[in-house]
Amino acid sequence: MPVHWVIVSFWAWGHLRPESNLAVNLASKFPELIISFIVDAEVAQKCRDEMARYAFLGGDERVLSPVRVIALGHVPAGMTPEIEKRYAMMDPRRVPKSRQVAEMRIHEAVDSMMRIRPFQDDNGTTWTPVPAKPNLLICDVLMGNVGPQLKRKHSLPLYIYFVGSATCFTRMYAPTKLGGRCIGYEDECREIERDPRRCVGWPFSKVAQHVWARSAKFEDNLIRTKGLPPMYQWEDLPQAAWFPSFYDVAVTGLHLVQCSDGVILPTVLSIEREGVQGVADWYCAGNERQVLCLGPQLPPLIFTPASIAKSHTLAAIEVQTSYAGPALFLNDLETRGNDSKDGHLDTYKSKDPCMVFLNEVRKKYGEHRAIYISFGTTFFPEPAHLAIFLELILALEPPMPIIMAAASPLAFLPADLVQRMQSCGQGLIVPYAPQQAILAHPALGFMVTHCGAGGTFEALSQGVPVIAWPFVGDQPIHARWMTEVLDTAFELLQVRNGPVKGNAYRGGPAGTTLEGTEDTIREEMRNMLAACQ
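The structure displayed is predicted, hence computed values, not measured ones.

Pairing is parallel across the open sheet formed by six strands, whose spatial order is β16-β15-β14-β17-β18-β19. Each edge of the sheet is formed by a strand with only one pairing partner; in this case those strands are β16 (427–430) and β19 (489–491). Across the sheet, the mean angle separating the axes of adjacent strands is 15° when strand polarity is ignored. Relative to β16, strand β15 (residues 402–405) runs parallel, the two sharing four bridges. Paired with I402 across the bridge in β16 is G427. Set on the sheet, helix α19 (residues 518–532) makes contact with β14 (370–374), β17 (444–449), β18 (466–468) and β19; between it and β19 the angle comes to about 170°.

Rendered as structure tokens:
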């Protein structure tokens, strides 16, 4: 009898991309395996495109046949412009109707699979029964409203897919004495909400943000997590950024962790042995849970030496992460006109503007000279701080040309600075950039990033040093890990403007005083760029 696993993904690209690739990897390694991959209908085609891209780069597109991409729900469609404007201040306990419907549809589909009955997904595809009932559930950490119920109802073993590092997992869900945040987080938020003296008129979203940055559980304000140096708890929210989903990942994610049978991490032991052991110390204590380090789910091509051919190949078949327009850049490539059987490197040459720009940088200035700046599709720093940084880069001699991906709806720069970047030939601003391809190009020297999981593991996998500018969630932990453990990054500290002001726990016995003035920001940035030269 074939083995049948169900993967419940989350629609955000930083989660969906590695989970899509995980499905392809599993199918390639276990030929008897059938995978029912549940994905939001709004991004189902992008999921299929990413799986096809991964299989193509792996050299065997036959592995896609046992993966069933099942489209259920329309959660992103529920984010109307009106909701987006007030999203950060919404009560995180209010579950959008689109999410409720999606969760109901997931339950219905899994019920049908368990009964070995056909069902129709939300894109109109009718799925015929497979010969075996599901016998394993893999659930994204942000699907905590679904995973525990499915496990209890169907008696399925449940594994979590966690997108961040091992130390991030411990910081989120470990017992408080080990630096964990989430145990007691919901109760503390509710206690403050009920106490007018402590709540001081805050909406619940503000309460949730405040407790995230400074919980009463840590009396000395220090977080001690195995695998990381100590830090003050407010360093976990260094920018004034907040979304209700962080409350959700704390509350429902904790329920998911508590009932799970194992966790899948994108890290590897060779770079995070102490952090993984830190997870095992609490997660596996007194039970038979497993911690599986399966790596970052990147195409094998990523781990080959940097080259223009490699970079162009990755760019030519990149999947567009915008939720509008074509999913693949398939019209943005040239066929080189040979029949080489040495692999895909001799097949495609991308006409993506980022690739053209980096080729010119290499011709003029040599290798490792360009700086790539990306804060993902959600975050963007204080425009005045970023303007200082860009001006300092443009003044460097010899030059370090800039590629900047401005994918966030919050992205803003002064018009005269944008014009200056473009007119001097030292800057390229694009709404979307093929990040894996850029990191693979030999002209690239550094990446400026918010340190989301995707960018963190992609930069590490390509050997690209990082300038860290984190905001919230797993980002500050990744920044600290790369900066103080792996020694592959610098972190900007003076730009911090989070809700709780305080020193950084590094740089000497008293820590680093954060003044946040234009002068101190400029000085720190200038020193950092000098080190990059």
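This is not the end of the story, as more comes after the structure.
Mapped onto the secondary structure, G147 falls in helix α5 (residues 147–154). Taking the C-alpha atoms as reference, G147 lies 6.5 Å from L256; in sequence the two are 109 residues apart. Residues contacting G147, with those up to four places away along its chain left out, are L137, C139, L158 and L256.

Per the counting criterion, the structure on display carries 28 salt bridges. The residue E235 makes a salt bridge to R496 at a minimum N-O spacing of 3.0 Å. Of this pair, E235 sits in the loop between β9 (231–232) and α10 (244–259) while R496 sits in the loop between β19 and α19, placing them 261 residues apart in sequence. Relative accessible area serves as the criterion here: at 16%, R496 is assigned to the buried category. Shared partners join several salt bridges into a network, and the residues in it are E235, R480, E484, E491, R496 and R506.

Position of P196 relative to the elements: it lies in helix α8 (residues 196–199). Once the C-alpha coordinates of P196 and D519 are considered, the two residues, 323 residues apart in sequence, prove to be 39 Å apart.

Here the focus is the sheet that holds strand β1 (residues 3–8). Sheet architecture is open: seven strands sit in the order β3-β2-β1-β6-β7-β10-β11, paired in parallel fashion. For this open sheet the edge positions go to β3 (67–71) and β11 (290–293), each flanked by a neighbour on one side alone. Going across the sheet, the axis of each strand differs from the next one's by a mean of 20°, ignoring polarity. For β1 and strand β6 (residues 136–140), the ladder comprises four bridges, and the chain directions are parallel. Bridging from a neighbouring strand, I7 pairs with I138 of β6. Contacts between helix α1 (residues 13–29) and the sheet are confined to β1, β2 (33–39), β3, β6, β7 (158–161) and β10 (262–265), with β2 contributing the most and set at about 165° to the helix. Here helix α4 (residues 97–114) sits on the sheet and contacts β1, β2 and β3; the angle it forms with β2, its principal contact strand, is near 160°.

Attention now goes to α5. Those residues of α5 that fall on the buried side of the exposure criterion are G147, P148, L150, K151 and H154. For α5, the angular spread of buried residues about the axis comes to 165°, placing them on one side. Turned more than 90 degrees off the buried face of α5, the exposed positions are R152 and K153.

What follows covers unusual backbone geometry. For the peptide bond that leads from E397 to P398, omega is -5°, which places it in the cis range. By secondary structure assignment, the location of P398 is in the loop between α14 (383–394) and β15. The phi dihedral of I116 falls on the positive side, at around 55°, and the residue is not glycine. Position of I116 relative to the elements: it lies in the loop between α4 and β4 (119–120). Not every positive phi belongs to a glycine, and V200 is a case in point at roughly 45°. Judged by its relative accessible area of 52%, V200 is exposed.

Mean pLDDT over the chain works out to 91, with 93% of the residues at or above the 70 mark. When the criterion is pLDDT under 50, residues 323–348 qualifies, and its contacts beyond four places in sequence or with other chains add up to 56 contacts.

To continue, consider the nonpolar core. In this structure, F169, Y173, Y185, W212, I373 and F389 are the most contacted members of the largest nonpolar core, which totals 104 residues. In terms of residue count, α10 provides more of this core than any other element does, nine residues in total. In terms of domain composition, this core takes at least three residues from each of domain 1 (3–161) and domain 2 (303–464). The residues touching F389, leaving out its near neighbours within four places in the chain, are I373, V448, I467, W469, M525 and L529. Listed in part, the 35 residues of the second largest apolar core include L298, I302, A315 and A433.

For the structure shown, the criterion picks out 24 aromatic pairs. Both rings, one in W212 and one in W242, keep their centres 5.5 Å apart while their planes meet at 70°; by these two values the pair is edge-to-face. One end of the pair, W212, is in helix α9 (residues 204–213); the other, W242, is in the loop between β9 and α10, and 30 residues separate them in sequence. In this structure, W212 and W242 share a single accessibility class: buried. The ring of W212 carries the charged tip of R181 above its face, separated from the ring centre by 3.9 Å. When the ring centre of W202 is taken as reference, the NZ or CZ atom of K206 above it lies at 6.0 Å.

Let's shift gears to helix α7 (residues 185–194). For α7, the complete set of buried residues consists of Y185, E188, C189 and I192. Seen along its axis, α7 keeps its buried residues to an arc of 100°; they face one direction. Each element contacted by the buried residues of α7 is listed here: α8, α9 and α10.

Position of R480 relative to the elements: it lies in helix α18 (residues 475–486). A distance of 3.0 Å separates a polar side-chain atom of R480 from the backbone oxygen of Y505. Among residues more than four places away in sequence, those in contact with R480 are L228, P229, P230, M231, E235, V485, E491, Y505 and R506.

Put simply, α1 and helix α2 (residues 44–58) touch, their axes get as near as 9 Å, and they point 50° apart. In terms of axis orientation, α1 runs oblique to α2. Between α1 and α2 lies a crossing of right-handed hand. Two secondary-structure elements touch here, α1 through W13, L16, R17, S20, N21, A23, V24 and N25 and α2 through K46, C47, E50, M51, R53, Y54 and A55.

Reading the values: rules and limits
- Residues numbered from 1 in each chain as written.
- Predicted model: local features only at pLDDT ≥ 70, side-chain atom pairs only at ≥ 80, totals over all residues.
- Heavy atoms only, no water.
- Pairing = 2+ DSSP bridges.
- Helix = DSSP H or I, 4+ residues; strand = E, 2+ residues; numbered from the N terminus.
- Axes fitted to C-alpha atoms, helices over the stretch in contact; angles between N-to-C directions.
- Contact = heavy atoms within 4.5 Å.
- Salt bridge = Lys/Arg side-chain N within 4 Å of Asp/Glu carboxyl O.
- Buried < 20%, exposed > 50% of the residue type's maximum accessible area, 1.4 Å probe, protein only.
- Arc of directions from axis to C-beta.
- pLDDT = per-residue confidence, 0-100.
- Core = buried A, V, L, I, M, F, W, Y, C linked by side-chain atoms within 4.5 Å.
- Domains from an automatic or database assignment.
- Phe/Tyr/Trp six-rings, centres within 6.5 Å; stacked < 30°, edge-to-face > 60°.
- Lys NZ or Arg CZ within 6 Å of the ring centre and 35° of its normal.
- Polar contact = N/O pair within 3.5 Å; in protein donor to acceptor, adjacent residues only side chain to side chain.
- Parallel < 35°, antiparallel > 145°, perpendicular 65-115°, else oblique.
- Left-handed = near helix turned anticlockwise from the far one by under 90°.

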